[in-house]
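Structure assessment
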Amino acid sequence: MTVHVSPCAAPAVDPVTREVRTESGQREVFCGLTGIVWLHRKIQDAFFLVVGSRTCAHLIQSAAGVMIFAEPRFGTAIMEEKDLAGLTDANDELDRVVTQLLDRRPDIKLLFLVGSCPSEVIKLDLSRAALRLSQRFSPGVRILNYSGSGIETTFTQGEDACLASLVPVLPAVEDEAASLLVVGSLADVVEDQFKRMFDALGVGPVAFFPPRKSTALPSVGPNTKILMAQPFLPDTVRALQERGAKRLAAPFPFGVEGTTAWLRAAGDAFGIAPAHFDKVTEPNRARAERALTAYKSELAGRRIFFFPDSQLEIPLARFLARELSMQLVEVATPYLHREHLAEELKLLPLDVALTEGQDVDHQLDRCRAARPDIVVCGLGLANPLEAEGITTKWSIELVFTPIQGYEQAADLAELFARPLVRRAKLVA
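What counts as what
- Residues numbered from 1 in each chain as written.
- Predicted model: local features only at pLDDT ≥ 70, side-chain atom pairs only at ≥ 80, totals over all residues.
- Heavy atoms only, no water.
- Helix = DSSP H or I, 4+ residues; strand = E, 2+ residues; numbered from the N terminus.
- Rg over C-alpha atoms; globule rule 2.2 N^0.38 Å.
- Buried < 20%, exposed > 50% of the residue type's maximum accessible area, 1.4 Å probe, protein only.
- Areas by Shrake-Rupley, 256 points an atom, 1.4 Å probe, with all protein chains shown as cover.
- Lys, Arg positive; Asp, Glu negative; His and termini not counted.
- Charge placed at Lys NZ, Arg CZ, Asp CG, Glu CD.
- Axes fitted to C-alpha atoms, helices over the stretch in contact; angles between N-to-C directions.
- Parallel < 35°, antiparallel > 145°, perpendicular 65-115°, else oblique.
- Left-handed = near helix turned anticlockwise from the far one by under 90°.
- Contact = heavy atoms within 4.5 Å.
- Nonpolar A, V, L, I, M, F, W, Y, C, P; charged D, E, K, R; others polar.
- Pairing = 2+ DSSP bridges.
- Salt bridge = Lys/Arg side-chain N within 4 Å of Asp/Glu carboxyl O.
- pLDDT = per-residue confidence, 0-100.
- Phe/Tyr/Trp six-rings, centres within 6.5 Å; stacked < 30°, edge-to-face > 60°.

Quick look at the overall build of the protein now. In terms of helices and strands, the protein carries 17 helices and 15 strands. Relative to the compact-globule value of 22 Å for 428 residues, the protein shows a C-alpha radius of gyration of 22 Å, a close match. Along the first, second and third principal axes, the C-alpha set of the protein runs to 60 × 55 × 45 Å. Every one of the 428 residues in the protein was classed for burial, and the buried ones make up 55%. Of the accessible surface of the protein, which amounts to about 17,700 Å², a share of 52% is contributed by carbon and sulfur atoms. Positive and negative side-chain charges of the protein, numbering 46 and 54 respectively, have mean locations separated by a distance of 4 Å.

Structure representation (structure tokens):
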């Protein structure tokens, strides 16, 4: 085993009874290891060590791009053929690699051992390894584990598995005052904007999970109110609820409508008067609505088709349909958590075709027959569809780009307008 470090209002719809097509079959989606690309940037003193193959290393390095000016905080303990064949003790090799890594990087305070397909196949017990190594390197370094294996996770589920592994070590709340916990990785600029908004509203204390530093883990307890910033975190939310936290029902903060309803859910939970809420949010709402006007003329009436990839599909579809007047041909998502997405499902148009899961050949047939103006899909499908003359938007870009909140509403709209503008120029 060697170590490799990479250089408006629609009629309300009952979300419980709403018809959803369910598909199972071949899928086109990244594994959960991809989540490391944004998580290592968010938790600034953490390191993500993938126990996997050279393919795992190439995947993460390709997704992250080349980092020239800073040493990244992720790497791969590469499993060689002799590891897979059982000719060496994988645990001894892992201990050696971790010791080498921590000696080289004394700035690491939190180390994640991340499972992959190869480590899952040979039944390498990373939970036991994490416990053994934690006892050795404590208290200077906390060592946890989670699975990013494509056998168990897809794309954004890697973040869910990572955060769920952190929940047991969150400190308990020491007082009975209510607090707000915003759950889901956000770009620092977006987090700062929301923090200022919550302060102006009088909502708080507020913490964000994951934190920027592992030494500043938020507390959780019976008076903690959860506000989900990302829709792909069911295991994390379940773990927080088991510790007594209560989830606030809300749409997700995409666009003006979603951001307002998201903030209002927090305001209502903390008893903020409606008049004060409107006074604080109105300038931001008005500015965001003006910024969206420039893109509505480009996007209104355009037909859009979502392949399942990031689990952001339903909130994004709601934003595009209600605020930019786009027509939803089909909205597919890898997994549909009806409780967490209930407020979103109520706002979708009545006639939209919803799909949970994927049989990629059948969905491609439906897409080709519909000939939408733009398709949101993973990288594996984008080039073939572009070759057929169908305009695409990479779904992975919607995860890497700051798109939540009022200030980013126009940036989010531009992400969908840009491919259409490019196509028009190519045709002209």
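Here the narrative resumes.
As a packed pair, helix α8 (residues 188-201) and helix α11 (residues 274-299) sit with axes 9 Å apart at the nearest point and diverge in direction by 150 degrees. With respect to their mutual orientation, α8 and α11 come out roughly antiparallel. The element α8 and its partner α11 pack so that their crossing is right-handed. For the pair α8 and α11, the contacting residues are M197, A200 and L201 in the first and H276, F277, V280, T281 and N284 in the second. When grouped by side-chain class, the residues that make up the contact of α8 with α11 number 5 nonpolar, 3 polar and no charged.

Turning our eyes to something else, we now look at unusual backbone geometry. Across the junction of S138 and P139, the peptide omega takes the value 5 degrees, indicating a cis bond. Topologically, P139 is positioned in the loop between α6 (126-137) and β6 (142-147). Note that the residue after G204, namely P205, is joined by a cis bond; omega there is 5 degrees. Tracing the backbone shows P205 in the loop between α8 and β8 (206-209). A positive phi angle is found at S325, which is not glycine, with a value near 60 degrees. Along the chain, S325 falls in the loop between α12 (313-324) and β12 (327-333). Judged by relative accessible area, S325 falls into the partly exposed class, the value being 29%. Of note in the backbone geometry, R371 takes a positive phi value of approximately 50 degrees without being a glycine. Within the element layout of this structure, R371 appears in the loop between α14 (360-370) and β14 (374-377). When its relative accessible area of 42% is taken as the criterion, R371 is described as partly exposed.

Attention now moves to the sheet that holds strand β11 (residues 303-306). The strands making up a sheet associate through backbone hydrogen bonding, with each pair oriented either parallel or antiparallel. Across the sheet, which stays open at both edges, the 6 strands sit in the order β2-β13-β12-β11-β14-β15 with parallel pairing between neighbours. Looking at which strands have only one partner, the edges of the open sheet turn out to be β2 (21-23) and β15 (392-394). When the angles between neighbouring strand axes are averaged without regard to direction, this sheet yields 20 degrees. Bridging between β12 and strand β13 (residues 353-357) involves 4 bridges; their strand directions are parallel. Paired with A332 across the bridge in β13 is T355.

This paragraph deals with the pattern of salt bridges. Opposite charge on two side chains permits pairing when their charged atoms draw close. Summed over the entire model, instances satisfying the criterion amount to 30 salt bridges. Ionic pairing is found between E191 and K42, a salt bridge with its closest N-O pair at 2.6 Å. Here E191 is found in helix α8, whereas its partner K42 is found in helix α1 (residues 36-42), with 149 residues between them in sequence. For the pair E191 and K42, a shared accessibility class is recorded, and that class is buried. One salt bridge connects R128 with D125, and the closest N-O pair in it is separated by 3.9 Å. You can call R128 exposed: its relative accessible area is 59%. One network of salt bridges, in which partners are shared, links K42, D188, E191, D192 and R212.

Here the focus is the confidence of the model for the protein. Of the residues in the protein, 91% have a pLDDT of 70 or more, and the chain-wide mean is 89. Per-element averaging of pLDDT across the protein places strand β1 (residues 2-5) at the bottom with 45 and strand β10 (residues 246-247) at the top with 98. Across residues 2-11, where pLDDT falls below 50, the model places 35 contacts with residues more than four positions away in sequence or in other chains.

Let's shift gears to the packing of aromatic side chains. Using the criterion set out here, one finds 7 aromatic pairs in the structure. With 5.7 Å between their ring centres and 75 degrees between their planes, F112 and Y146 make a pair best called edge-to-face. One end of the pair, F112, is in strand β5 (residues 110-115); the other, Y146, is in strand β6, and 34 residues separate them in sequence. As far as burial versus exposure is concerned, F112 and Y146 are alike and both buried. Ring centres of F194 and W262 lie 4.6 Å apart, and the angle between their planes is 45 degrees; this geometry places the pair in the tilted category. Here the residue F194 occupies a position in helix α8, and W262 occupies one in helix α10 (residues 255-269), the gap between them amounting to 68 residues. Accessibility assignment for this pair places F194 and W262 in one class, buried. Among the aromatic residues, ring-to-ring pairing joins W38, F155 and F400 into one connected group.

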